[in-house]
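Chain and residue survey
Given next are the chains, with one letter for each unit.
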Amino acid sequence: MEQNEKKPRRAKAVAPRDDERKSASPAALREGAARTARKPRASRNSNNKAAKAAVAKRATARARGADQLKSRTPKRTGSTDKNPRSTMKIIPLGGLDAIGKNMTVFECDGDMILDDAGLMFPDDDHPGIDLILPDYTYVLENAHRLKGIFITHGHEDHTGSLPYLYKDLDRPVPIYGTKLTLGLIEGKFAEHRIKNAKLVEIKPGDCVKLGCIEAEFFAVNHSIPGSVGIFYQTPAGNVLHTGDFKLDQSPVDGVHTDFAALSRYNEIGVDLMLSDSTNSMNNTFTPSESEVGKALTPIIAQAKGRVIVASFASHIHRLQQICDAAVANGRKVVVTGRSMIQNTEIARRLGYLKINDEDLVDAYDLKGIPPEKIVVMCTGSQGEPLSALSRIAGGSHKTVSIEEGDTVIISATPVPGNEKAVTRIVNMLAKIGADVYDKRRALVHVSGHASAEELKIVLSIVRPVHFMPVHGEATHLRAHAKLAEATGVDPKNVFILENGESLELTARGVKFGETVQSGVVFVDGLSVGDTSQVVLDDRSQLASQGFAAVAAAVSYKSKKICGEVLVEMRGITGGDDPYLVEEAVRCVTGSLKKQLEKGGKDAELKRAACDSLLSVLWERTKQRPMVVTSILDI
C-alpha cells in the first residue's frame, strides 16, 4: 500500500441529526415508535446477562492464562529422587581464605571423594617457606573411606599438594583427571620419586561412580587445556562444582564452557552449587584469551633486541600464543626455568603445545644467534627470587643475559602479596634499560576466571537451590554471594564457610555441620609440617628487630660471676658501637649479681639478663630483638 493512500475506514453507526428527524415523514416516525414499543423488555435483560457472562468468561480466561504463564516460570527445585536417610557432607579444607590451596572433601554414606589438592606460594609473611599446603589431617584420618581424588585442572593451586598427600596415604588411591592434567601430575610425581600412582584419564562427558557418589565431568574454559567441572549425584542430593572457569566465546583451543550440560543439570536439579569466586569483584566480562595474542604479535614485531616473556609455566594457552607470535615474526623460541621446560615438554608430547622443533633453541645454544631473532619464555612473573626472570635481571643467569633496548613482557598479574617482589624486578629491568610491558601498558594478560556478569549467567542457567562460593579471599566470597542473591537464590540458602567448616546436604535441605581440623602446612626445604607459626614469628622478629646473645659463667655456691659477661648483637642499630656494648654488659652484670645474691638459679638468671638487656636496647634504640641467654655453672 502506498504511503499516501488512505486506509479504508469501517463505517460507524451515526444517530440521525435533528434536521433529519424533522425531515422524516410522520408515518415513518410512528412506525419506528411502534417497533420500539413492540420490543420485549426480557430481550434487553437477556442481552445484559449475555454481556456480563462474556465479560466473566474473558476474565476467567485471563486468570487461567496468568496461571499457565506462572506455571511455565522455572522453579528452583533440587533433585527429586532422594534417600531421606542419606547425608552428604561438603568439607572445604582449603581455598576459602586465600587464592590457592584448593581442596574439598565430599562424603556420603561412608564413601569419601577428594576434589582437588592444591598449594599456595608464600609471601613476605612467610620468611624461609617454600610452599604452603592445606592441612589434610582429616583426609588421612579417614583414608580408609577415600575412594578417589578428582582433579579439575593442572594448575598448581589445584595439584601442588598431591605429591605430599600421596606419600602420606597408606595405599595408592586412584587420581582422575584429563590427559594434560595427568601429564603434569606425572611430572610432579617423577620429581618426588612416586612410582605407584594410579592415574585414570577422564574426558568431558564421562561418568565415574565410586561407592554411592556418581561424578559427571563437563568441559569448562580456563587458562589451561583439559579443565573440567564436576556434577555429583548422590542419594542425599546433587552438587555442582564449576571448578575454575570463564565464558570465553573465542577460546584459543576452541573449547567452550558446556552450557548444554549446565542447562541439563538444572533440569535434573542442583541442590547445592560451588562456584569459582576469584573475579567476583570485577563487574564486567573477562576478555578472551585470544586478545592477548593480538597484543603480543605487534610488540614482538616492533622489538629491536631480544624479547623475554615471563608467564606461569602451566598457562599452556599463553605459551602457545607466545610461540605463535615469535614464529610469525621470524624468531626462535628459547625456554628457560625448570618448571617452564618441564611443562612445555609435557604439553608438546601430549599435543597441547604446537611448535616445530626447528623453531625451538636450547638455552645453551644461543651463541651466534642475533638477539633480534630470539624470544625467551621463562618463569618469574611473580617476582620469585630464584626464578629465571629474577636471575636474568640480576645478571646471574647462566645462559640468558639482558641488555639495554631489550623487551621484557610480564604476561601475568601479581598474586596478592607478590606486588612488591614484581615491582622490584621491574625496577631492576628499568635500570638496565629494558623496555618493560605489563597489563597496565598493553593487554598482555587476561584472567582465566569468570567475572561478575559471567558468574551471574551461570547462576541463571543452573538455578541452584543452595549456593556456596569457593576459591577466593573473604571479599571475593561475599561479593559472589551477593551475585547469587541477585539472580534469585534465597539469601537463607547462601553459605559462606571458613576452611574446616562443613555443610550437610539431606532430603530436608542444607545446613552447617561439624568443624574438622584445618589450617596450613609449611614446606621448608626438606621439612614438611615441622615449621610452625612460632618459628615464622621468630624469623620475622629476627628480620625486623635483630638478635642479641648473652653468655655468663657463674658459681651458685659462691654466688658470684666468674669472669666477664659477654654480649653480642646482630642486626641492632648501634650494635657495633662499643659504648652501647659496654652499657649493655654493665646492666646485665648488675642484674645477674642481684639475682645471685637472692639465691636465684638458672631460670631466674636468664630472665634477669634478658630483661635488663631489652630495657637498655629499648631505651637507646627503640628495638626489642630476640635475646638468647646462656648461663654456665662452674
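It should be emphasised that the depicted structure is a prediction, and the values quoted were computed from it without experimental measurement. (Residues numbered from 1 in each chain as written. Predicted model: local features only at pLDDT ≥ 70, side-chain atom pairs only at ≥ 80, totals over all residues. Heavy atoms only, no water.)

**Quick word on the overall build of the protein**
Our working rule: Only DSSP runs of H or I reaching four residues or more are called helices, and only runs of E reaching two or more are called strands; each is numbered from the N terminus. Relative accessibility thresholds used throughout: buried, under 20% of the residue-type maximum; exposed, over 50%; partly exposed, between the two (1.4 Å probe, protein chains only). Note on contacts: a residue pair is in contact if any heavy atoms of the two residues lie within 4.5 Å. Here the Shrake-Rupley method, with its probe set to 1.4 Å, supplies the accessible areas, and only the displayed protein chains count as covering residues.
Helix and strand counts for the protein stand at 18 helices and 26 strands. Relative to its full complement of 634 residues, the protein shows a buried share of 49%. In the protein, of all internal contacts separated by at least 6 residues, the share reaching a separation of at least 24 is 73%. A total accessible area of about 31800 Å² is found for the protein, and carbon and sulfur atoms account for 52% of it.

**Let's talk about the environment of Met468**
Relative to the helices and strands, Met468 is located in strand 19 (residues 466-470). Linking Met468 and Leu503, residues 35 residues apart in sequence, is a C-alpha distance of 9.4 Å.

**Observations regarding the pairing of strand 3 (residues 111-115)**
Heads up, the condition is: Only when DSSP finds a minimum of two bridges between them are two strands counted as paired.
Extensive coverage of strand 3 is indicated by the burial of five of its five residues. Burial of strand 3 is two-sided: the residues Asp111, Ile113 and Asp115 facing one way and the residues Met112 and Leu114 facing the other way are all buried. Strand direction decides the pairing type here: strand 2 (residues 103-108) and strand 3, joined by five bridges, are antiparallel. Counterpart to Val105 in the pairing with strand 3 is Leu114. As defined by bridge partners, strand 3 adjoins strand 5 (residues 146-150) across four bridges and the pair is classed as parallel.

**A word on the packing of helix 17 (residues 578-597) against helix 18 (residues 602-621)**
What counts, and what does not: For every element, the axis is a line fit to its C-alpha atoms; helices are fit only across the contacting stretch, and the angle between N-to-C directions ranges from 0 to 180 degrees. By definition in this entry, angles of less than 35 degrees are roughly parallel, angles greater than 145 are roughly antiparallel, angles of 65 to 115 are roughly perpendicular, and the rest are oblique. Here a crossing is called left-handed whenever its near helix is offset anticlockwise from the far helix by less than a right angle, and right-handed whenever the offset is clockwise. Ten residues, namely Ala, Val, Leu, Ile, Met, Phe, Trp, Tyr, Cys and Pro, are considered nonpolar, four, namely Asp, Glu, Lys and Arg, are considered charged, and the remaining ones, Gly among them, are considered polar.
Between helix 17 and helix 18, the shortest axis-to-axis distance is 9 Å and the interhelical angle comes to 150 degrees. Taken together, helix 17 and helix 18 sit at an angle that is classed as roughly antiparallel. Crossing hand, helix 17 versus helix 18: right-handed. Contact residues: helix 17 offers Leu580, Glu583, Ala584, Cys587, Val588, Ser591, Leu592, Gln595 and Leu596, while helix 18 offers Glu604, Leu605, Ala608, Ala609, Ser612, Leu613, Val616, Leu617, Arg620 and Thr621. Here the contact of helix 17 with helix 18 is composed, by residue class, of 12 nonpolar, four polar and three charged.

**Notes on the layout of surface pockets**
To locate leftover empty space, one rolls a probe as large as a water molecule over the atoms. Counted only if it meets this: With a 1 Å grid spanning the protein atoms alone, the term cavity applies to any set of points in which a 1.4 Å probe fits but cannot get out, the term pocket to an open set with protein on both sides within 12 Å along at least five of seven lines, and the term lining residue to any residue with an atom within 4 Å of a point. Grid points are joined across faces, edges and corners, and a volume is the space filled by probe spheres set on the points.
Put simply, the second largest pocket is a space of about 380 Å³. In terms of residue class, the lining of the second largest pocket is built from nine nonpolar, eight polar and five charged.

**What about the side chain of Asn238?**
Put simply, the rule reads: Polar contacts, as counted here, are pairs of nitrogen or oxygen atoms within 3.5 Å of one another; within protein the pair requires one atom able to donate a hydrogen and one able to accept it, and residues that are adjacent in sequence qualify only if both atoms are side-chain atoms.
Mapped onto the secondary structure, Asn238 falls in strand 11 (residues 237-241). Within the local environment of Asn238, its side chain forms a polar contact with the backbone oxygen of Gly269, the two atoms lying 2.9 Å apart.

**Here we look at helix 7 (residues 179-191)**
Under the convention used in this document: Helix span, expected: 1.5 Å multiplied by one less than the number of residues in the helix.
With 13 residues, helix 7 ought to run about 18 Å at 1.5 Å a step, and its terminal C-alpha atoms sit 19 Å apart, in line with that. Along helix 7, the residues classified as buried are Leu180, Thr181, Leu182, Gly183, Leu184, Ile185, Gly187, Lys188 and Phe189. Residues of helix 7 that are buried in the fold lie against helix 5 (156-159), helix 6 (162-168), strand 6 (175-177), strand 7 (199-201), helix 10 (316-328) and helix 11 (338-349). Positive phi shows up at Arg193, right after helix 7, with a value of about 60 degrees.

**Describing the pattern of salt bridges**
To keep things clear, this is the line we draw: Think of a salt bridge as a Lys or Arg side-chain nitrogen and an Asp or Glu carboxyl oxygen that are within 4 Å of each other.
As enumerated under the stated definition, the model contains 18 salt bridges in all. Between Arg348 and Asp357 there is a salt bridge; the shortest N-O distance is 2.5 Å. Judged by relative accessible area, which is 29%, Arg348 ranks as partly exposed. Where Lys606 meets Asp602, a salt bridge forms, and the shortest distance between an N and an O atom there is 3.4 Å. Taken together, the positions of Lys606 and Asp602, both in helix 18 and four residues apart, correspond to about one turn of that helix. Note on Lys606: relative accessible area 32%, which makes it partly exposed. The class of Asp602 is partly exposed, set by a relative accessible area of 31%. Taken together, the shared-partner salt bridges in this structure form one network comprising Glu583, Glu619 and Arg620.

**Observations concerning the confidence of the model for the protein**
Put simply, the test is: A residue's pLDDT is the confidence the predictor assigns to it, expressed on a 0 to 100 scale.
Of all residues in the protein, 87% have pLDDT values of 70 or greater, and the mean over the chain is 86. Across residues 1-46 the pLDDT falls below 50, and counting only partners more than four positions away or on other chains, this stretch makes five contacts in the model. Note that pLDDT drops below 50 for residues 65-73; the model gives that stretch zero contacts with residues more than four away or on any other chain.

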